[in-house]
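# Coordinates in review
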Amino acid sequence: MKITAIRAWQIDLPLHEGSYKWSGGNSVSVFDSTVVAVETDEGVTGWGEICPLGPAYLPAYAAGARAGIAELAPALLGADPLSLGQLNERMDAAMRGHPYVKSAIDMACWDLLGKVSGLPVATLMGGHVGNDFALYRAISQESPAQMAKKVGQYRKEGYRKFQLKVGGDPDVDIARIRTAARELERGDVLVADANTGWTQHAALRVADAVRDVDVYIEQPCMSYEQCLAVRRHTNRPFVLDEVVDGIDMVVQGIADQAMDVINLKISKVGGLTRARQIRDLCVSLGIAMTIEDTWGGDIITAAIAHLAHSTPERYLFSSTDFNSYVTVAFADGAPQRKAGRLAASHEPGLGVAPKMKLLGRPVLEVDGKAGKGRR
Ligand code: MG
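Now for a quick tour of the structure. The residue numbers shown here count from 1 along each chain, following its written sequence. Local features in this predicted model are restricted to residues whose pLDDT is 70 or higher, and side-chain atom pairs enter the listing and the counts only when it is 80 or higher, whereas totals over whole chains, interfaces and linings include all residues. Values shown for side chains rest on all heavy atoms present in the structure; no hydrogens or waters enter the calculation.

## Some words on the coordination of the magnesium ion
Donor criterion used throughout: N, O or S atom within 2.8 Å of the metal, extended to 3.2 Å for Na, K and Ca. Water excluded; incomplete-looking sites may result. Taken together, Asp193 (OD), Glu218 (OE) and Asp241 (OD) make up the full set of protein donors to the magnesium ion, lying 2.1 to 2.3 Å away. Along the chain, the residues donating to the magnesium ion fall in the pattern D-x24-E-x22-D. One end of the pair, Asp193, is in strand β9 (residues 189–193); the other, Asp241, is in the loop between β11 (238–240) and α9 (247–255), with 48 residues separating them in the sequence. Residue Asp193 is classed as buried on the basis of its relative accessible area of 1%. A 1.4 Å probe rolled over the protein chains alone gives each residue an accessible area, and that area as a share of the maximum for its type sets the label: buried under 20%, exposed over 50%, partly exposed in between. Judged by its relative accessible area of 0%, Asp241 falls in the buried class. The secondary structure listing takes helices from DSSP runs of H or I that are at least 4 residues long and strands from runs of E that are at least 2 residues long, numbered from the N terminus.

## Re the sheet that holds β9
An order of β7-β8-β9-β10-β11-β12-β13-β14 is seen for the eight strands of this open sheet, with the pairing classed as parallel. Looking along the sheet, the strands with just one partner apiece sit at the ends: β7 (136–139) and β14 (316–319). With strand direction ignored, the average angle separating the axes of adjacent strands in the sheet is 25°. We treat two strands as partners when DSSP finds at least two bridges between them. Pairing between strand β8 (residues 161–165) and β9: five bridges, direction parallel. Lines fitted to the C-alpha atoms define the axes, with helices restricted to the stretch that makes contact. Angles between their N-to-C directions range from 0 to 180 degrees.

## Describing the layout of surface pockets
Each pocket or cavity is described by its volume, and for the largest pocket that value is around 230 Å³. Every definition here rests on a 1 Å grid over the protein atoms only: cavities are sets of points where a 1.4 Å probe fits but cannot get out, pockets are open sets enclosed by protein on both sides within 12 Å along at least five of seven lines, and lining residues have some atom within 4 Å of a point. Around the largest pocket sit 16 residues that line it, and Leu58, Pro59, Ala60, Pro99 and Lys268 are the ones nearest its centre. Think of it as three bins: nonpolar holds Ala, Val, Leu, Ile, Met, Phe, Trp, Tyr, Cys and Pro, charged holds Asp, Glu, Lys and Arg, and polar takes everything else, Gly as well. Each residue belonging to the lining of the largest pocket can be placed in one class, and the counts come to nine nonpolar, four polar and three charged. Each domain's limits were defined by an automated method or a database of domain assignments. Formed jointly, the lining of the largest pocket draws a minimum of three residues from each of two domains, domain 1 (3–118 + 354–374) and domain 2 (123–350). Grid points are joined across faces, edges and corners, and a volume is the space filled by probe spheres set on the points.

## Some remarks on empty space enclosed by the protein
Summed over the entire model, instances satisfying the criterion amount to three cavities of 30 Å³ or more. Roughly 110 Å³ of volume is contained in the largest cavity. Forming the walls of the largest cavity are 20 residues, and the residues nearest its centre are Tyr20, Tyr136, Lys165, Lys265 and Glu292. Among the elements of the structure, β7, β8 and β12 (261–265) are those that each provide at least two residues to the lining of the largest cavity. Of the residues assigned to the lining of the largest cavity, the class counts are eight nonpolar, five polar and seven charged. Looking at which domains feed residues into the lining of the largest cavity, each of domain 1 (3–118 + 354–374) and domain 2 (123–350) gives three or more.

## What about the pattern of salt bridges?
Any Lys or Arg side-chain nitrogen located within 4 Å of an Asp or Glu carboxyl oxygen qualifies as a salt bridge. Counted under the stated rule, the structure contains 26 salt bridges. Among the salt bridges present, the one from Arg176 reaches Asp173, with a minimum N-O distance of 2.6 Å. Of this pair, Arg176 and Asp173 both sit in helix α6 (residues 170–181), three residues apart, which is roughly one turn of that helix. There is no split in this pair, since Arg176 and Asp173 are both buried. Here the salt bridges do not stand alone but share partners, grouping Arg7, Glu39, Glu365 and Asp367 into one network.

What follows is the structure, encoded as structure tokens:
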């Protein structure tokens, strides 16, 4: 099988709640997502998606994803999309770094592999574990009282894991954590995610002030070394996210006992191939994972579901149903949350079919006929 064309569509995904706020005064109200089709000489098409959390979260942004795909796609025409190891080698040879650019293409090739073999991606990644898996709900940064109130609201929707967006003023963050923790019921899980927002001394103050609270601390500071200093000080379970951008950081983190849980985002590490490699290493070495992506709609939610659902339950700390946060559903067959849980499709591939009328015209087409592609 050969890749004959790569096309991309831009789609806006507005949030039900109006906006999503996290550390550093950052917020997003409409997500700018990119849907990618990888077409083949056998008439089968694979689908992928990339949706950065704005330009300030990771070294990634939506227009950059599209520019990168336009740059990379011509080098992939003629490649075998089913040989995923070789395809990733080819992408890395043609473009150094920029893992988020490669993510949607790799995702689409996994969709193709599933469709051609007649198997769901979850089966190719180890097999569905049980009927479904647990999700967390992110709680956008607001006042302590407003965030605490959301715990009860989201529990009514079925969620039992809550991720508070902190990383602001340390005194307010201590109040956010303590106030929200008072709303917890037996079986709930609370995470305080600072998204790199605290200085090291602020993080040490917060970590010390919540020593008696049943809460996980996630990515307190910008650098790995700062996070490690906080980790060595706190008695709370510890999650690393933004700094874990590849398997080398996972290996170093495990060697340093720098975390108990990692947040594994598909596009942060360059696609499902690399995410699965890291997932399997973490399972072998006993590190739990939140499996998700930077954001996204129906296709990314489906890809997350296949990777998460094929992960042994004790190592799947939580996962995300991003398509329930946004107002636009653009693909049939996408997984839908039920009682705070999600399940991957049993259809071949990712099990999603984009609604082409909703996507409209592609913003990028690379098919070998029109040179380097149109943007
Ligand atoms: Mg995080």
